[in-house]
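Structural overview
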Amino acid sequence: MLLKESLARIVRSQRKDILLVSDTIEREKLGDMKFEKSFAIIISGVRRCGKSTLLRQMVQKSKTFYYFNFEDPGAVSFELADFNTLNDIFREEYGESDYYFFDEIQNVEKWELFVRAMLDKGKHFVITGSNASLLSRELGTRLTGRHLSYELFTFSFNEFLKLVGKKANIGSFQEYFTLGGFPQYLKTGRAEALQDLFNDIINRDISIRHGIRNLKSLREMAVYLITNVGKEFSYNSLKRMFGLGSVNSVISFVSYFEDSYMLFTLPKFDYSIKKQIISPKKVYSIDNGFSLVNSASFSEDRGKMLENMVFLNLRKNHKSIFYFQEKGECDFIIKKGTKITHAIQVCYTLTEQNKTREVDGLIEAMEKFKLDEGVIFTYDQEDSFIIKNKVIKVIPMWKWLKAKKD
């Protein structure tokens, strides 16, 4: 429980900060977000991907508003009962408003009770959070049917170009390909920004939150997974590799990594859900720059770096993504409803030596799911050909990203 005067000082200080005009790139997601009566807007994503900046950009479009950041060191003991005090301070300091902006709200247990009560009074909320599991658990109870969820990722290629003031070409793509899209890292170029981010996720979002004592294995597993993007793993293999006592520990660790948006796992496609669960998964990192800075060997396989970038840009718009593997392999297939709609292969450089392998896996997936067209993403090659009456488009990744809107 916080003293009212202490809380008021935090509110006043934070409001000054949020109103400061800063030289930021307007996020593409901003255009998607519209206030709707009785619905809370929820923005989730990895730490430091720009959620607070997006919130600031929304605040600056509002005439009246209330704002609070729950990651403020002075608010570490904030609890559910403090919301009433906070509400009183808002009204006393800034008059009446229907718009609430809350940053990193997952730090407060049972926050959804307050939000639901205020939604019932016709108030509007924009809320950010860095833990997918906590947010979804709370949204699925008190806020079922009362929220609009958005995921924010690191800068897109187009946002990157605006930040660095360059045009889209293979040269600027090479920078984006290796630096990634974390705003602070792009602005400062300091590796410590991404190293500190890794430590914050491991320590604050995972270890402290879940009471994990085996920090060494947790950290080593995270580094291993973000290094080995696009490669298969099983929970049993990780259990043996890191000497953990049970597979359940591995499953928990991986789920914590995913909840924090540090990484994503990709299941093998199968019509049987049970087989999907027990089959090896593939892993992808939140950002190429993040993996490069926190792992010495990630840059050794540029093909996997390209595959990671393709996955991230598919994941922005699609939740049901799988890899396909039977006689051959197709990197990504996308499912909408009950139908597979896309088959996608990734190849850094398509050559006469690897063409058969890459094309055969793609064609096999296209035939199985009755698709007429497939795509091979490359670093900088462009082509198109027909095989077995199937159209295959070879597209340079940078051109696709330049034309693409999140």
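In the block above lies the structure referred to throughout.
This section reports on the structure supplied with the text. Please read all numbers here as calculations on a predicted model, not as lab measurements.

Mapped onto the elements, Phe125 comes out in strand β4 (residues 124-129). Each C-alpha atom of the pair Phe125 and Thr154 lies 23 Å from the other, and the pair is 29 residues apart in sequence. Those residues in contact with Phe125, other than ones at most four positions away along the chain, are Phe39, Ala40, Ile41, Tyr100, Phe102, Phe114, Val115, Met118 and Leu119.

Attention now goes to a nonpolar patch on the surface. A contiguous nonpolar patch, built from Ile273, Ile277 and Ile278 and spanning about 340 Å² of accessible area, is present on the exposed surface. Following the sequence through the fold, Ile273 ends up in helix α13 (residues 273-278). The exposed category is assigned to Ile273, whose relative accessible area is 54%.

As a further point, take helix α4 (residues 111-119). Turning to α4, its buried residues are Trp111, Glu112, Phe114, Val115, Met118 and Leu119. Axial view of α4: buried residues confined to an arc of 160°, hence all on one face.

Attention shifts here to the packing of aromatic side chains. Two measures describe an aromatic ring pair: the distance that separates the ring centres and the angle between the ring planes. Following the criterion strictly, the structure yields 44 aromatic pairs and no others. Relative to Phe114, the ring of Phe102 has its centre 6.4 Å away and its plane inclined at 35°; by these criteria the two rings are tilted. Of this pair, Phe102 sits in strand β3 (residues 99-103) while Phe114 is found in helix α4, placing the two residues twelve residues apart along the sequence. Judged by relative accessible area, Phe102 falls into the buried class, the value being 0%. For the pair Phe157 and Phe173, a centre-to-centre distance of 5.8 Å together with 85° between the ring planes defines the contact as edge-to-face.

The subject of this paragraph is unusual backbone geometry. In this structure, Lys388 is a non-glycine residue whose phi angle is positive, near 55°. Secondary-structure assignment places Lys388 in the loop between β13 (383-387) and β14 (390-396). A positive phi angle, close to 65°, is found at Asn389, a residue other than glycine. Mapped onto the secondary structure, Asn389 falls in the loop between β13 and β14.

This part takes up the pattern of salt bridges. Think of it this way: side chains of opposite charge can pair up when their charged atoms draw near. Tallied over the full model, the rule gives 26 salt bridges. Notably, a salt bridge pairs Arg204 with Glu71, separated by 3.4 Å at the nearest N-O pair. Here the residue Arg204 occupies a position in helix α9 (residues 191-210), and Glu71 occupies one in the loop between β2 (66-69) and α3 (82-94), the gap between them amounting to 133 residues. Exposure remark for Arg204: the relative accessible area of 37% places this residue in the partly exposed category.

About the criteria used
Residues numbered from 1 in each chain as written. Predicted model: local features only at pLDDT ≥ 70, side-chain atom pairs only at ≥ 80, totals over all residues. Heavy atoms only, no water. Helix = DSSP H or I, 4+ residues; strand = E, 2+ residues; numbered from the N terminus. Contact = heavy atoms within 4.5 Å. Patch = residues over 30% accessible without salt bridge, like charges linked within 9 Å, V, L, I, M, F, W, Y side chains within 5 Å. Areas by Shrake-Rupley, 256 points an atom, 1.4 Å probe, with all protein chains shown as cover. Salt bridge = Lys/Arg side-chain N within 4 Å of Asp/Glu carboxyl O. Buried < 20%, exposed > 50% of the residue type's maximum accessible area, 1.4 Å probe, protein only. Arc of directions from axis to C-beta. Phe/Tyr/Trp six-rings, centres within 6.5 Å; stacked < 30°, edge-to-face > 60°.

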